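This is what each chain is made of:
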Amino acid sequence: MSKKENDILQGTLTLLILKTLACGKRMHGYAINAHIHQVSAQLLRVEEGSLYPALHRMEHDGWVRAEWGKTEKNRDARFYSLTARGRKQLMQKKESWKRLTEGVARVIRYA
Amino acid sequence: MRPSRLQRDLERELSFHLTERMDELQESGLTQAQAARVARRQFGTFSSQLERTRDMNINLWLEAIVRNLRYGVRALTNTPAFTVTVVLTLALGIGANSAVFSAIYAVLLRPLPFPDAGELVTLAQSQPTIPDPFVAPVRLEEWHRFNSTLQAITGYYSEDASETSGELPEKLKRAWVAPRFLQVLEVAPALGRNFTPEEERFGGPSAVLISYRLWQRRFGGSPAAVGRTLRVSPFSYSVVGVMPASFHFPDRDVDLWSPSPPDAPYAQSREATWFTAIGRLKRGTSLAEALTNLTAVQFNLGRQFPKTDSKKSVSIVPLKEATVGGIRRSLWLLFGSVSLLLLIACTNIAALLLSRSIARQHETSVRYSLGASRVAVTAQLFTEVLILAVAGALVGLLLAAASSQVFRTLAKDLPRVEEIGLNGSVVMYSLACAVVVTLLCGVMPIAFGTTRNLAGTLARGGRAHVLGRNPVQFTMVGIQVALAAILLVGAGLLLRSFEQLGHVSPGFDPLHVLTFHISNTWAEAGGKPAKQRTERILDGLRSVPGVEAAATAMSLPGVPSNYEIELKTTEGRAESEPKMLAQGRWVTSEYFPAMHIPILAGQWCRDELNVSTAMINRSFANLFLNGSAAVGHHLVQPANPYLPPAEIRGIVGDVREMGLDREPPPTVYWCTGAMQPGTFFLLRILGEPGSLSGTIRRKIHELEPLRSVYDLTPLTGHISDAYSENRLRTILLAFFALTAIALASIGLYGTLSYLVQLRRREVALRIALGALRVDVVRQFVDQGLRIVSWGCFVGLALAAAFARMLSSMLFGVSATDVVTLGAVVLIVLAVSFLASLAPAIRAARFEPMQALREE
């Protein structure tokens, strides 16, 4: 995969993760993955190799916070939740995504 | 550390993900093995996942660090004046600190340069009324044989020797060593071998070990040196080995080591005290155990030989302590001063950093608004300070490297001074200082400069807000002044002591006196031949034109030395009278006229063959013997019953025989100056002492062709050398104190300038409204002086408390000497007045219209 495509996907992945966590629940990485896959009606599949790097980057930037906890099956997992700053980022990214898609759509529609 | 914890957490997280995936696959029908395979394939290889995430975390860290460094360097190079000032100040502060630390490390902290040096001890025999720590050879061997706590005991003494294989006799220092010498020190010769048991026996083959230095000089470093002979008059010795270059025991000047046979006939007397004894403790034995054991051994010897041994006792001191214990206080004093200096420098820099961070608040606010976290901004600012500190430390290391040269020049007799130098520990210490400095200097300015007042700052258009009276910055100036005052008081007291030392009346005239040694050995000392030889040499010297008087003495007047003996008179004294304890000195009769010591009663003594004579000084006469009635009495030494009673021929004036810094003690001068190793020859010269050196050498060569003359120094040179440690302390402390007050006044100037700048509008307004310019000047100068007085007061109070620690180094001044304290206050106020004047005058020169128009 070329770097450029990766960039867009990474940016998008961040947006998806942020939105997933926006409902307020704490989720671990696997659950986030499953959620995106499910809600997108299986149109989107997260490249698993990028999921955790993205999560850690966002944790470093202070957009999500993480803590260890137990799942229902009593396994140790790391749960992520959104921070206030993350929420702000989400809004900004939603805005720019809207602009991007709007702009792309217009250019394509132009006969 | 972080990476491995990070790694473990990552592994846990990713393996959880894998497990969930496998569960899901299993639920959809695959077997466990198939599920595992598929899951892994979909997830990519485990380790590469781990690596990527971990790399990314590390990359984030690295990125941040590199970014901070680059940005920091750029910010610093944009303000070169600031950067250079700070780096130079820190170089001075940290460099001086590292220099003193390198001395403390080499001299006090590092063990002596022998294997397991902690086990080495010195042993001394002591007896009340005999100040003689040296051990007799017989007793040394007995201690070695009968003790159970030391691996081995050995001893040494040194004397001068003349090496005569060359054209002119060359003076070398030779150490006579008891058997087991190299064994105790655990050092092996670099070339050749140790002595064999035959060579350590009386009458055995004569052998000598030579120093590395001598090997290079005399034999050109050739391996064929082993086996060659040296003529050390009057015998020849075969060289059996060469010692390593770093071996400097018992002292730096020794070039030859010869075995001193314990079975020699002249070594059998129990009263013959020669050796400085050293030993090596057995592994795991403590000093206390060894002392108990040796005390028991000596007690048994006392029972066996009651006449000679029953009153003796043993003392043991670790060898390192015996070598360096004396200068410990001076070194720690220097360290304390230099640390104070560093604190002052840090305070200065903290003030500069504060101004700078206030000036950059606009930039900081913008960064906050762009989403940076406080941690990131703080980290970046700390990186800047760290860069400055490390740069300062590295430049300071150059200073520290040069300083070992300084130590060697100013204090050549400092023990272990040759070991002082730059090494890994000093570098580590410098860097540690850099880190501490970063924290000290950076915490307050950075904490202050990273607060978020976005709205306020941006609205003001980049102006920093003014804190009414700048309490923080002025407090820092006050602290600097206090610290500088402490250093000034210390330096002032030491300077006054030194000056007082120059003003004491020594009781003799040290000017125009030349001193030297002539090489000779213990074997030829004592008895008639030695006396006659001495007289012949002195007569010959008197005949040299320009020599007014010639004499010998065992020790030099005015140079610290202590040889206390107990005396009794044959005429008897009342039992109730105190014991007669006095300094003993051995001189020829011309000593007194040569030193310009006045005679107060009686007549000069003469060194007569059959009668023993002595002179006493006034203190002795008044203290013990009723003044001038003492002439004619006879003195005996209870400790040396074999000496005949000496008749007191006369009374001389008091001389500071124990050093210029001590009161003249009661002294007895025995009029017998026959030469032995260590005897000083003193000549009173018409004109400069140095002018006759060549003539004297030639004369001595004429009289005694086989002996060498050395250490030709004016007496004033010896006296000032004796106080070289004193001088070093004083010079260094004075230098630190001056630097400190300079730094403090720069700090004051900077702070006041800044304040003046900040209050331009206010001042301009006041002038426009009619305030006198003089009043403006007065206002600012007052502000400066007020903070300085406060700092000075605190500093003096602290100094008075600390000065008690200095009292052992002071002479002629008390620790709370009013003159010194007064002088310090004057200096501080005067300097501060000048430092405040410049900005104050600048303030008064504000043109109101111009200043107001600038807004």
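Residues numbered from 1 in each chain as written. Chains lettered and ligands numbered in written order. Predicted model: local features only at pLDDT ≥ 70, side-chain atom pairs only at ≥ 80, totals over all residues. Heavy atoms only, no water.

1. Here's the deal with the sheet that holds strand S2 (residues 64-70) of chain A
All names here are of chain A.
1) Next: Read from one edge of the open sheet, 3 strands run S1-S3-S2, paired in antiparallel fashion. Of all the strands in the sheet, the pair left with one neighbour each is strand S1 (27-28) and S2.
2) Next: When S2 meets strand S3 (residues 76-82), the two strands line up antiparallel, connected through 7 bridges. Residue Trp68 lies in a different strand from S3, and its bridge partner there is Arg78.
3) Next: On top of the sheet, helix H3 (residues 48-60) reaches S2 and S3; it is set at about 55° to S3, its chief contact. (Pairing = 2+ DSSP bridges. Helix = DSSP H or I, 4+ residues; strand = E, 2+ residues; numbered from the N terminus. Contact = heavy atoms within 4.5 Å. Axes fitted to C-alpha atoms, helices over the stretch in contact; angles between N-to-C directions.)

2. Here we look at the environment of A:Arg26
Residue and element names in this part refer to chain A.
1) Next: Considering the arrangement of structural elements, one finds Arg26 in the loop between helix H1 (3-21) and S1.
2) Next: Expressed as a C-alpha distance, the spacing of Arg26 and Gly69, which sit 43 residues apart in the sequence, is 9.9 Å.
3) Next: Setting aside its immediate chain neighbours within four residues, Arg26 contacts Glu67, Phe79, Tyr80 and Ser81.

3. A closer look at the layout of surface pockets
1) Next: Considered as a void within the structure, the second largest pocket measures approximately 1200 Å³ in volume.
2) Next: In this structure, the second largest pocket is lined by 32 residues; those nearest its centre are A:His60, B:Arg67, B:Ala372, B:Ser373 and B:Ala376.
3) Next: Counting only elements with at least two residues in the lining of the second largest pocket, the list comes to H3 and helix H4 (84-109) of chain A together with helix H3 (46-78), helix H12 (361-369) and helix H13 (374-410) of chain B.
4) Next: Ranked by residue count, the leading element in the lining of the second largest pocket is H3(B), at 9 residues.
5) Next: Tallied by class, the residues present in the lining of the second largest pocket amount to 15 nonpolar, 9 polar and 8 charged. (1 Å grid on protein atoms, 1.4 Å probe; cavity = no way out; pocket = protein on both sides within 12 Å on 5 of 7 lines; lining within 4 Å. Points joined across faces, edges and corners; volume = space filled by probe spheres on them. Nonpolar A, V, L, I, M, F, W, Y, C, P; charged D, E, K, R; others polar.)

4. Quick word on the nonpolar core
Residue and element names in this part refer to chain B.
1) Next: Ranked by size, the top nonpolar core spans 99 residues in total, and within it Ile420, Val437, Leu487, Phe736, Phe780 and Val828 carry the most contacts.
2) Next: Not counting chain neighbours up to four residues away, the residues in contact with Val437 comprise Leu90, Ile94, Leu342, Cys346, Ala389 and Gly442.
3) Next: The next biggest cluster of nonpolar side chains, apart from the first, holds 33 residues, and it includes Val135, Ile153, Tyr237 and Val242. (Core = buried A, V, L, I, M, F, W, Y, C linked by side-chain atoms within 4.5 Å. Buried < 20%, exposed > 50% of the residue type's maximum accessible area, 1.4 Å probe, protein only.)

5. A short note on the confidence of the model for chain B
Detailed reading of the predicted coordinates is not advisable wherever pLDDT falls low.
1) Next: Of the residues in chain B, 94% reach a pLDDT of 70 or more, and the chain-wide mean stands at 83.
2) Next: Across the interface, the model reports ipTM at 0.80; the global pTM reads 0.65. (pLDDT = per-residue confidence, 0-100.)

6. So, the pairing of strand S18 (residues 646-652) of chain B
Residue and element names in this part refer to chain B.
1) Next: Burial of S18 is extensive: 6 of the 7 residues sit out of reach of the surface.
2) Next: Here strand S16 (residues 613-617) runs beside S18; their pairing, made up of 5 bridges, is parallel. Note on S18: the bridge partner recorded for Thr613 is Glu647.
3) Next: Of the pairings in the sheet, the one linking strand S17 (residues 634-636) to S18 comprises 2 bridges and is antiparallel in character. Within S18, the position partnered with Leu635 by the bridge is Ala646.

7. Observations regarding the interface of chain A and chain B
1) Next: Between chain A and chain B, the contact holds 23 residues from the first and 23 residues from the second.
2) Next: Taking both sides of the interface into account, the surface hidden between chain A and chain B amounts to around 2300 Å²; carbon and sulfur atoms contribute 52%.
3) Next: For chain A, the biggest contributors to the area lost against chain B are A:Tyr30, A:Glu48 and A:Tyr52; these three give 31% of the whole.
4) Next: If you look at where chain A meets chain B, you find 5 salt bridges.
5) Next: Of the charged contacts, one joins B:Glu20 and A:Arg75 as a salt bridge, the two residues approaching to 2.9 Å between their closest N and O atoms.
6) Next: Scanning the region where chain A abuts chain B turns up 8 residue pairs in polar contact (both at pLDDT 80 or more).
7) Next: Sorting the residues of the side of chain A that touches chain B by element identifies helix H2 (29-39), H3 and S3 of chain A as the ones contributing at least two each.
8) Next: When residues in the side of chain A that touches chain B are grouped by element, the largest group, 9 residues, is from H3(A).
9) Next: For the side of chain A that touches chain B, the residue count by class is 7 nonpolar, 8 polar and 8 charged. (Buried area = accessible area lost by both parts, 1.4 Å probe. Salt bridge = Lys/Arg side-chain N within 4 Å of Asp/Glu carboxyl O. Polar contact = N/O pair within 3.5 Å; in protein donor to acceptor, adjacent residues only side chain to side chain.)

8. Digging into the state of the cysteines
Residue and element names in this part refer to chain B.
1) Next: Enumeration according to the criterion identifies 1 disulfide over all chains in this entry.
2) Next: Sulfur-sulfur distance for the disulfide between Cys605 and Cys671 comes to 1.7 Å. Taking the sign of the S-S torsion, -85° for the link of Cys605 and Cys671, the bridge is left-handed. With Cys605 in the loop between strand S15 (599-602) and S16 and Cys671 in the loop between strand S19 (667-670) and strand S20 (680-685), this pair connects stretches of sequence that are 66 residues apart. There is no split in this pair, since Cys605 and Cys671 are both buried. (Disulfide = S-S within 2.5 Å.)

9. A closer look at the packing of aromatic side chains
For any pair of aromatic rings, geometry is given as the distance between the ring centres together with the angle between the planes.
Residue and element names in this part refer to chain B.
1) Next: In total, this model carries 18 aromatic pairs over all chains according to the counting rule given.
2) Next: Each ring, one from Phe114 and one from Phe247, has its centre 6.2 Å from the other, and the planes form 70°; the classification is edge-to-face. One end of the pair, Phe114, is in the loop between helix H4 (80-109) and strand S1 (120-126); the other, Phe247, is in the loop between strand S7 (235-242) and strand S8 (254-259), with 133 residues separating them in the sequence. As far as burial versus exposure is concerned, Phe114 and Phe247 are alike and both buried.
3) Next: Relative to Tyr669, the ring of Phe592 lies with its centre 5.0 Å away and its plane at 85°, an arrangement referred to as edge-to-face. In this pair, Phe592 sits in helix H18 (residues 591-594) while Tyr669 sits in strand S19, placing the two residues 77 residues apart along the sequence.
4) Next: Among the residues examined, Tyr669 registers a relative accessible area of 0% and is labelled buried. (Phe/Tyr/Trp six-rings, centres within 6.5 Å; stacked < 30°, edge-to-face > 60°.)

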